[in-house]
Amino acid sequence: MTKTRPVIPYKELAKKQSCFRPGSTLCVGCMESIAFQDIGRATDNGVKTIYSMGTFCGEVSTLFWPHVIAWGRGDQEPERFEDSFSIIHNVFESAPTVAEGIRDTADLLFDLGALKKPIQVIANSGDGGALVIGLRSLLHTIARRTRITIVVLINEFFANTGFQYAVTATPHSETSTTPAGDWIHGNSAEPINHIGLALMAGAGFVAQVSPAFPKDFTEACEKALACSETAVLFIPSPCIAGWKFEEGRTIELAKLAAESGIFPLFIKEKGKEGRVRPASSNPQNRTALLRFLAAQQRFNHLVREEKEGSLVILPGREQEVREIENWTDRNIKSLSRLAEWNF
Ligand code: SF4
């Protein structure tokens, strides 16, 4: 069960020392850098952090020895063990498995008296690594109730290798392997239910949160780090290079993704009723969805934003937009049922 602790207000969290540092080569406007900053601050809680990273944009752009090392707490190695931060990289699918090994080793050393203070362990992957290549290792780590926090950044692609389709892709979005043309209108599949999978595998805490909603994000990070079983944080991450939106709209896109029902906010602790936002579909969701689609070139074959700000569904593409709307309605309903389910 998850231990309950008071939530630090976001303005307090913002004053903490992050373990994510300047110097990364992430695209300007990438949500991953904002997420890293906030997760890094949440780990400044008096417990040593060990961070396991699989291969994804967030890894190759921040941890490319010896040229790019954008991790570490403070300018100097912290004097206190509990403030220190360590990072280890492994291949796409292995971040949770490596984290599990770290957890087991630390627990053993602690039991033997060789390690005097607790540590917190985080595994971080992209959606391609965690939910496609590494889905099996992710689910097995959760099923073993490993006491780690798993962070999955979702940008709906294999961005690192050329923006190929990933199993999280929004219906009818264009990817390099599901192009939009006269005969094919982007990705024809519905996304995997990643939240349902994590809950069914036995996670003690599951959340889908965004730095665009700092209060929910802070609460989810705190609860995940305090969880005595596996905690999973899914973080939808607007990708400026793949979603193709104007610079400066990252947070706006993250808000629209939640409000439209594409990536609703979700927080659930095992044994307690969870919560979903938005809780049901309504006309505001529809407007948010059209704004979400129109702001990105990957949906330019469906909806466009006219110069004066009006949104236009392209002639002949009404059916595809209706299918996305229907899917978001079902997504909200399915997450609401999962939130209510007492398991
Ligand atoms: S390709 Fe996308 S996910 Fe990767 S660094 Fe650029 S914006 Fe971020």
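So, here is what we can say about the structure in this document.

What counts, and at which threshold
Along each chain, residue indices are assigned from 1 in the same order as the chain's sequence is written. Thresholds applied to this predicted model are a pLDDT of at least 70 for local features of residues and 80 or more for the giving and counting of side-chain atom pairs; totals over whole chains, interfaces and linings are not thresholded and use all residues. In computing side-chain values, all of the structure's heavy atoms are included and hydrogens and water are not. Secondary structure is summarised from DSSP: a helix means a run of H or I of at least four residues, a strand means a run of E of at least two, and numbering begins at the N terminus for each. By definition, residues are in contact when any of their heavy atoms lie within 4.5 Å. Strands were regarded as paired on the criterion that DSSP finds at least two bridges between them. Axis angles are defined between N-to-C directions and span 0 to 180 degrees, where every axis is a line fitted to C-alpha atoms and, for a helix, only to the segment in contact. Exposure is judged per residue with a 1.4 Å probe applied to protein chains only, and the accessible area is read against the type maximum: over 50% gives exposed, under 20% gives buried, and values in between give partly exposed. Stacked, edge-to-face and tilted labels apply to pairs of Phe, Tyr and Trp rings (six-membered ring for Trp) whose centres lie within 6.5 Å, assigned for plane angles under 30 degrees, over 60, and everything in between, in that order. Remark: nonpolar core denotes a set of buried residues (Ala, Val, Leu, Ile, Met, Phe, Trp, Tyr, Cys) joined through side-chain atoms within 4.5 Å. Any residue with a heavy atom positioned within 4 Å of a molecule or strand is treated as near that molecule or strand. Nonpolar residues are Ala, Val, Leu, Ile, Met, Phe, Trp, Tyr, Cys and Pro. Charged residues are Asp, Glu, Lys and Arg, and all others, Gly as well, are polar. This arc describes the spread of directions from the helix axis toward the C-beta atoms. Any carboxyl oxygen of Asp or Glu that lies within 4 Å of a side-chain nitrogen of Lys or Arg is treated as forming a salt bridge with it.

Tracing the backbone shows Ala212 in the loop between strand 9 (205-208) and helix 8 (214-226). Each C-alpha atom of the pair Ala212 and His185 lies 30 Å from the other, and the pair is 27 residues apart in sequence. Setting aside its immediate chain neighbours within four residues, Ala212 contacts Met31, Ile251, Ala254 and Lys255.

Let's shift gears to the sheet that holds strand 9. Judged by pairing direction, the sheet is mixed, and its 8 strands sit side by side in the order 4-1-5-6-10-9-11-12 without closing on themselves. At either end of the open sheet lies a strand with only one pairing partner, and these are strand 4 (85-89) and strand 12 (275-277). Taking each pair of neighbouring strands and ignoring which way they run, the sheet shows an average axis angle of 15 degrees. Relative to strand 12, strand 11 (residues 265-269) is paired through 3 bridges, and the arrangement is antiparallel. Along strand 12, the bridge assignment pairs Ile267 with Arg275.

Moving on: the pairing of strand 6 (residues 149-154). Of all 6 residues in strand 6, 6 are buried, a share of seventy percent or more. Both faces of strand 6 are covered, namely the face carrying Thr149, Val151 and Leu153 and the face carrying Ile150, Val152 and Ile154. One ladder, built from 5 bridges, connects strand 5 (residues 119-126) with strand 6; its direction is parallel. Looking at strand 6, one finds that Ile122 is bridged to Thr149. Judged from the 6 bridges that link them, strand 6 and strand 10 (residues 231-236) form a sheet pairing that is parallel. Paired with Val151 across the strands is Leu233, a residue of strand 10.

Aromatic rings in a pair are described by how distant their centres are and how their planes are angled relative to each other. Per the counting criterion, the structure on display carries 9 aromatic pairs. Residues Tyr51 and Phe85 carry aromatic rings whose centres are separated by 5.9 Å and whose planes lie at 45 degrees to one another, so their mutual orientation is tilted. With Tyr51 in strand 1 (residues 48-53) and Phe85 in strand 4, this residue pair connects regions lying 34 residues apart in the sequence. Classification of Tyr51 as buried rests on a relative accessible area of 1%. For Phe85, a relative accessible area of 11% puts it in the buried group. For the ring pair Trp243 and Phe292, a centre distance of 5.7 Å and an interplane angle of 80 degrees mean the geometry is edge-to-face. In this pair, Trp243 sits in helix 9 (residues 240-244) while Phe292 sits in helix 11 (residues 283-294), placing the two residues 49 residues apart along the sequence. Of the two residues, Trp243 and Phe292, both sit in the buried class.

On to the nonpolar core. Counting 55 residues, the largest nonpolar core has Ile142, Ile150, Ile195, Val206, Phe234, Phe266 and Phe292 as the members making the most contacts within it. Those residues in contact with Phe292, other than ones at most four positions away along the chain, are Trp243, Leu253, Leu256, Ala257, Ile262, Arg298 and Phe299. In terms of nonpolar packing, the next biggest core, distinct from the first, is built from 32 residues, Ile39, Tyr51, Cys221 and Ile235 among them.

Turning our eyes to something else, we now look at the site of the ligand. For the ligand, the full set of nearby residues is Leu26, Cys27, Cys30, Glu32, Cys57, Asn155, Phe163, Cys239, Ile240 and Ala241. Here the shell around the ligand is composed, by residue class, of 8 nonpolar, 1 polar and 1 charged.

What follows is about helix 6 (residues 135-143). Three or more residues of helix 6 are buried, namely Ser137, Leu138, Thr141 and Ile142. Viewed along the axis of helix 6, the buried residues span an arc of 135 degrees, placing them on a single side of the element. Along its buried surface, helix 6 packs onto helix 4 (95-112), helix 5 (127-133), strand 6, helix 7 (194-201) and strand 10. Looking at the residues trailing helix 6, positive phi occurs at Arg145, about 60 degrees.

Looking now at the pattern of salt bridges. With the rule as written, the count across this model stands at 22 salt bridges. The partner of Arg147 in a salt bridge is Asp107, with the nearest N and O atoms 3.1 Å apart. Here Arg147 is found in the loop between helix 6 and strand 6, whereas its partner Asp107 is found in helix 4, with 40 residues between them in sequence. For Asp107, a relative accessible area of 25% translates into the label partly exposed. Where Lys223 meets Glu219, a salt bridge forms, and the shortest distance between an N and an O atom there is 2.9 Å. Linking Lys223 with Glu219, this pair stays in helix 8, spanning 4 residues, or about one helical turn. Connected via shared salt-bridge partners are Asp216, Glu219, Lys223, Glu269, Lys272, Arg275 and Arg277.

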